[in-house]
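Examining the three-dimensional arrangement
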Amino acid sequence: MRFRILGAVEVFDGSSWRAIGSAKQRALLASLLLNANQVVPAERLISDLWPDGPPASASGLLAGYVWRLRHALRDDGVLLTRAPGYQLAVPSGAMDVHYYETLVAQGRAASDLEEAVSAFTRALAVFRDVPYADVPLTPSVLAERARLEESQLSVVEARIGAEIKLDRHEALLPELKLLVSQFPLRERLHAHLMLVLYKCGHQADALGTYRDLRRLLVNELGIEPSKPLRDLQQRILQEDPSLLGPAPVRARPRTPPPRGLLIGRSREIAAVAGLLAAGQVCAVHGPVGVGKTALAAHAAFSVAAHFPVGVLHFSAAEALHSLPPGVLAVLDDVPDVGVVPAGVGVLVTSRGPVRGVPGRAHVHLGRLSGAAAAELLRAHVGDREGPAAEIARLCERLPLALRLAGDRLATRPDWSLADFAARLADPRRRLDLLSWQDTSVRDRLAGAWDGLATAERSALRLLGALDLPVVAADTIGALIGRSETEASLIAERLIDAGLLESVTIDRYRVPDLVRLFARERQEGDASAAISRVVEHYVALVDQRRSTADRRAWYRGELATLRSLGLHDRSDRLHRAVAHLLGGQQT
């Protein structure tokens, strides 16, 4: 059993982190965690649960909350009854605050500045929000929150101090200005800002920072700045050359920034960076062309400071075995990570979930929003007038397709966006147009196709011929002539290959570009399979005739019914629908 309190209070149940549902149970758990491994008297727990005065039945209610908390914790001796109250048994290292404090201690003890910065940065990343964010603010919670927030701020100051010594003063300036505005009485932050301004060549601004702090301290508290700060001001006035240092301490080579744009992915970048900073293996998965490799490169760059040895890219998990601690290994399109050496970070991309990576450490990458897709296209083609949103839609808001379309347009300034959109709308030309130099959407889809088994290839060919954007598991079963259970298994394997997308637990999206590709791989006549789907829908319509929701069902299935009607040579489907609606035409 593990616990997190640096943010909302959460419990790890062996497979995922989860919150405790009841506010009173969270308050009870918080009180026990604040006094982990100590017996907490029932009277104190009652006072924490009912700060405005307990009800007459408080003792019985407390016993009930304890019972329910044990059930929520799936208790196996964690929450103990010990006179005169209760005790929560929390092993060393079982709380996120333990990990945070270990990293802080490593940073303060480090003889190497890079190692100190890395440890401090990883420690700060453990905070998800204010401590005990979702529990009532009892005096003990407030005191512990204040202690941890003070510790957090002191670690920020220590990290900045180490980075100043690493001669990173210019990069620190925006962060320091923000921190000083947030904590206007914090002298150490002002000292850092004064020194950074001076090292950046802004002597007057450095002295102005001191004057502003002195005025605030005198007016608000009636005191002068501390002697270390006064001494720093004098050294800046005298232009003390030792402030610049005889020779700047150089950082180890930094990971070069990734090339290319990354638009609309800030949430996913933050999720990946948080997992890696917390020392977890992380996997990014999603459909073909969604931009997994680009996101992994940007995410790796964002956490490079946590891995002092560097960031290395591989195409096989076997390379992990020989890596030293302090490396972040980025594995592209790898299905299984195997055993990860201690101290090595791993970021994996894959079209489906990766073996060896816990489910909670998978970050799913979906299509861009409409606005982000149009922005990405505009970044390539500039301010040219035309239907950028329509081109983005035809590219299915996939970064790969958008980048290829943008590169092609960027080198064809005489092409209008409207003409390109009209040509892209032709399904016979679309895959040809979504290619540039040695990269194409067709080749990426072919890479996924090559990894399919015979049953999945056959099903995908038929889905291309059926040409429905969304299909249910029973529809796939009718199409391929198998049971719904078998169809679901095949569909799930196609999702893992990055060729289908899940809409609900039994409905699947077949992307336009995948359907176009599948039709190119067509073998034989698919009319018999499509006829099975038509007959399947005739049966579904007949089943709905006597149900109260038949019209709602019809409206939800209208697009599918109209598409299948084009394949219905017997006209049975049309007659069944007309009967369903009492003669209403479709």
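Our structure is the block above this text.
Read on for a plain summary of the structure. What you see is a predicted model; the values in this text were computed from it and never measured.

Looking now at the overall build of the chain. What the chain contains, in helices and strands, is 25 helices and 16 strands. Expressed along its principal axes, the backbone C-alpha trace of the chain runs to roughly 95 × 75 × 50 Å. For the chain, the residues scored as buried account for 48% of the 586 residues in total. Taking the contacts inside the chain whose residues are at least 6 apart along the sequence as the reference set, 63% of them involve residues at least 24 apart. Side chains of the chain give 71 positive and 67 negative charges; the mean places of these two sets differ by 2 Å.

What follows deals with the sheet that holds strand β5 (residues 79-82). Here we have three strands laid out as an open sheet, ordered β4-β6-β5, and antiparallel in their pairing. With one partner strand each, in any of the chains shown, β4 (39-41) and β5 form the two edges of the open sheet. Adjacent strand axes in the sheet meet at a mean angle of 35 degrees, parallel and antiparallel pairs treated alike. Each of β4, β5 and β6 (85-88) touches helix α1 (residues 23-34); the most contacted strand, β6, lies at about 75 degrees to it. Sheet contacts for helix α3 (residues 58-72): β5 and β6; angle to β5, the most-contacted strand, approximately 150 degrees.

On to helix α18 (residues 441-450). What α18 keeps buried is the set Val441, Leu445, Ala446, Ala448 and Trp449. The arc enclosing the buried residues of α18, seen along the axis, measures out at 160 degrees, which places them on a common side. Residues of α18 that are exposed and point over 90 degrees away from its buried face: Asp443 and Asp450. Residues of α18 that are buried make contact with α15 (399-410), α17 (430-433), β13 (439-440), α19 (454-466) and α22 (512-520).

How each quantity is defined
Residues numbered from 1 in each chain as written. Predicted model: local features only at pLDDT ≥ 70, side-chain atom pairs only at ≥ 80, totals over all residues. Heavy atoms only, no water. Helix = DSSP H or I, 4+ residues; strand = E, 2+ residues; numbered from the N terminus. Buried < 20%, exposed > 50% of the residue type's maximum accessible area, 1.4 Å probe, protein only. Contact = heavy atoms within 4.5 Å. Lys, Arg positive; Asp, Glu negative; His and termini not counted. Charge placed at Lys NZ, Arg CZ, Asp CG, Glu CD. Pairing = 2+ DSSP bridges. Axes fitted to C-alpha atoms, helices over the stretch in contact; angles between N-to-C directions. Arc of directions from axis to C-beta.

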